[in-house]
Amino acid sequence: MSIHIEDLTVRFKNGVTAIDHADLDIPNGIFGLLGENGAGKTTFMRVLTTVLKPVSGTVTLDGILYSEGNYEKIQKKIGYLPQEIELYPNLTVQECLEYMGALAGVEKKECRKRIDYYLEKTSLIEHRKKKMKQLSGGMKRRVGLVQALLNEPEFLIVDEPTTGLDPEERIRIRNLLVDFSENRTVLFSTHVVEDLAATCNQLAIMHKGRFLYAGSMKNLAEEAQGKIWICKVSDEEKARKIEGKYRITSKQYVEGGLQLRVLSDTQPELDCMSIPGTLEDAYIYFTNKCNK
Amino acid sequence: MKKELKIVLPFYKIAYASSFVVILSLIRGVIFTNEIGLSIEPPFAILTATFCADTYVQEITSKRSEVHRLYPIKRRISSIMQRIMIQEIFLLLLSVLGYGLFFTFQKPITHPVTESELLQFISYFLAITVTIFFWGILANTLSMLFRNMWMGIGSCLLIWVATNSTGGDKLFGAWNLFSYTFRNIENTADITWLYGKALCICIGFVLLIALPKIVRKRG
């Protein structure tokens, strides 16, 4: 399953251009979509789920063109977890999933089998008889993810699936997505770099409706090499001066002063040393470069 | 069906609809039994519109509609139809209960022209069934078109005011949506009010036929 996006533009009625002539290829496996709030990630995903129609450009899913006539064929292949979804508050977890599975056209017996499997995988099995309104935010998020997986879609689109989850649950969900991505495509949108670092090989960075970067994780991390510096200053006053001059990605109190992580193409005029860049550094480097 | 029932009949809806009927039967004064039907029909149209306006729109406000869009259209339509049916059956039962409550609370007497109380109830049952059918579908359709429950209820209210008025009666006559309410209750042989109800059925079916298109475009 591969998705090809060419010259995609989405403009809202109020004139705001949410996606601006974007091109992207999404291959098999987990593909990360990274970007700050308002970058256009959700709009992009809404186009891929056929909820939104672009003003121009083409999208193809395994060679099938996104057009009114093909929507039904495309929709069958997709599973979607929107960023904000409130599942039926008066139904129990089991009822809610059975209901959504039936609507998706999954056969009753098969649906129950899948529900058992995914509830087990998401540690929700003991909560299956609880009403949706009794669940915590993180649990609701997990049920939302299970409903997206029920029809075993070839193309799974998940918008911030780890929001509201504790660290252990986040790891579990990430692993579930990795397992699920075998022979399938998973588009994993988030602004938590750590989640992508743990799951994806390929990713795209979105910024103001455009893709700043699309490629491998490794190459992205390499972009930041030689641009990250660690400096130590004795007090807050000096730290503030540096902040005015350079992009600081982290600030930490250490013994004898403050340790700053500085992003700069050249060595800052300070007592500092170069350190290997992380994915987060690379992401900030890219978006920072674009903002200049 | 059990799940649809839980979705469209939460406790608060059952509570407000039941309270509405009890209060109506307590405060709306009637002397003769042939006044009960016309005392119930117009308020019940409003109750039905309010009750059914969120049939599908709740999917939009909760963002579930974004997931629903991926489901086969036939299943989505079937789900909406089931929801409308469940709500309308509930309201129909409530309207029958309301009729009985008028007898209990108001103790009306039979009008000299009334031939049969049973026949009178059958007429009422027919009329209220059509009223509930029509206003339920209308409210759901308008809410879906506007993608907003309140716009749906508001539009229904405008239609209600226009038709449930002296002007509406003069303009539409026997073809009025509330032809049963405006009929001459002392002339039991006059059944021209059935025209208005037939019109309600026709409009209701047209809206049902248009539903798949509306779901595709606005759902």
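Given the structure is predicted, the values throughout are model-derived calculations rather than measurements.

## Topic: unusual backbone geometry
Residue and element names in this part refer to chain A.
Part 1: Positive phi values are uncommon outside glycine, yet Asp7 reaches one of about 50°.
Part 2: If you trace the backbone, Asp7 turns up in strand S1 (residues 3-11).
Part 3: Residues other than glycine seldom take positive phi values, yet Lys208 does so here, at roughly 50°.
Part 4: As for its placement among the helices and strands, Lys208 is situated in the loop between strand S9 (202-207) and strand S10 (210-216).

## Details of the sheet that holds strand S5 (residues 64-65) of chain A
Residues and elements named next belong to chain A.
Part 1: Read across the sheet, 4 strands follow the order S2-S1-S4-S5 without closing on themselves; strand pairing throughout is antiparallel. Looking at which strands have only one partner, the edges of the open sheet turn out to be strand S2 (17-26) and S5.
Part 2: Across 6 bridges, the pairing between S1 and S2 is antiparallel. Residue pairing in the sheet places Arg11 in a bridge with Thr17 of S2.
Part 3: Seen against the sheet, helix H1 (residues 41-48) touches S1, S2 and strand S4 (56-61) and runs at an angle of roughly 120° to S1.

## A closer look at the UniProt feature "transmembrane region" (unreviewed entry) in chain B
Residues and elements named next belong to chain B.
Part 1: When the UniProt feature table is mapped onto this chain numbering, "transmembrane region" (unreviewed entry) sits at residues 12-31, 84-106, 118-138 and 192-211.
Part 2: Spanning residues 12-31, this segment combines 80% helix with 0% strand, and its end C-alpha atoms are found 32 Å apart.
Part 3: Helix makes up 100% of residues 118-138 and strand makes up 0%, while its end C-alpha atoms are separated by 30 Å.

## Observations regarding the interface of chain B and chain A
Part 1: Listed as interface residues are 16 residues of chain B and, on the opposing side, 20 residues of chain A.
Part 2: When residues of the side of chain B that touches chain A are traced back to their parent elements, those giving at least two are helix H1 (2-8), helix H5 (65-68) and helix H6 (73-106) of chain B.
Part 3: Here the side of chain B that touches chain A is composed, by residue class, of 6 nonpolar, 2 polar and 8 charged.

## Digging into the confidence of the model for chain A
Part 1: Taken over all residues, the pLDDT of chain A has a mean of 88, while the share at 70 or more is 99%.
Part 2: Least confident of the elements in chain A is helix H10 (residues 279-291) of chain A, whose mean pLDDT is 77; most confident is helix H3 (residues 93-104) of chain A, at 95.

## Notes on the sheet that holds strand S6 (residues 78-81) of chain A
Residues and elements named next belong to chain A.
Part 1: Here we have 6 strands laid out as an open sheet, ordered S6-S7-S8-S3-S9-S10, and mixed in their pairing. Each edge of the sheet is formed by a strand with only one pairing partner; in this case those strands are S6 and S10. This sheet shows a mean twist of 15° between the axes of neighbouring strands, independent of strand direction.
Part 2: In this structure, strand S7 (residues 155-159) lies alongside strand S8 (residues 185-190), joined through 5 bridges in parallel fashion. From the neighbouring strand, Leu156 faces S8, where its bridge partner is Val186.

## With respect to the domain arrangement of chain A
Part 1: Split by domain assignment, chain A resolves into domain 1 (3-216) and domain 2 (226-275).
Part 2: Taking the mean C-alpha position of each, domain 1 of chain A and domain 2 of chain A sit 38 Å from one another.

## What about the nonpolar core?
Part 1: Cys96, Ile157, Val186, Leu187, Phe188 and Leu203 of chain A are the most contacted members of the largest nonpolar core, which totals 83 residues.
Part 2: Top element by residues in this core is H3 of chain A. It accounts for 7 residues.
Part 3: Two domains each donate at least three residues to this core, and these are domain 1 (3-216) and domain 2 (226-275) of chain A.
Part 4: Aside from chain neighbours lying at most four places away, what touches Leu203 of chain A is Phe31, Gly32, Leu33, Leu34, Leu196, Met217 and Leu220 of chain A.
Part 5: Core analysis: the second largest hydrophobic core is formed by 44 residues, Ile137, Ile153, Trp160 and Phe182 of chain B among them.

## Describing helix H5 (residues 137-149) of chain A
Part 1: The end-to-end C-alpha separation of H5 of chain A is 19 Å, in line with the 18 Å expected for 13 residues at 1.5 Å each.
Part 2: Turning to H5 of chain A, the residues buried within the fold contact S6, H3, helix H4 (108-121), S7 and helix H6 (167-180) of chain A together with H5 of chain B.

Cut-off values and rules
- Residue positions within a chain follow its written sequence, with the count starting from 1.
- Working convention: letters from A go to chains and numbers from 1 go to ligands, in the order in which they are written.
- Local features in this predicted model are restricted to residues of pLDDT 70 or higher, and side-chain atom pairs are both shown and tallied only at a pLDDT of 80 or more, whereas totals for entire chains, interfaces and linings draw on every residue.
- We count a stretch as a helix when DSSP gives it H or I for four or more residues in a row; a strand needs E for two or more, and each element gets its number in order from the N terminus.
- In this scheme, strands are said to pair when DSSP sees at least two bridges between them.
- Remark: residues whose backbone-derived C-beta atoms lie within 7 Å of one another are considered to be in contact.
- Structural elements are reduced to axes, namely lines fitted to C-alpha atoms, with helices fitted over the stretch in contact, and the angle between N-to-C directions of any two is expressed from 0 to 180 degrees.
- UniProt positions are given in the numbering used here, feature names are shortened, and annotations may be inferred rather than shown by experiment.
- Side-chain classes follow a simple rule in which Ala, Val, Leu, Ile, Met, Phe, Trp, Tyr, Cys and Pro form the nonpolar group, Asp, Glu, Lys and Arg form the charged group, and the remainder, Gly included, forms the polar group.
- pLDDT gives the predictor's per-residue confidence on a scale running from 0 to 100.
- For every domain, the bounds stem from an assignment made automatically or drawn from a database.
- Nonpolar core, as used here: buried Ala, Val, Leu, Ile, Met, Phe, Trp, Tyr and Cys residues forming one set through C-beta atoms within 7 Å.
- With C-beta atoms placed from the backbone, a residue counts as buried when 20 or more other C-beta atoms lie within 10 Å of its own, as exposed when 12 or fewer do, and as partly exposed for counts between those limits.
- Each residue after the first adds 1.5 Å to the expected span of a helix.

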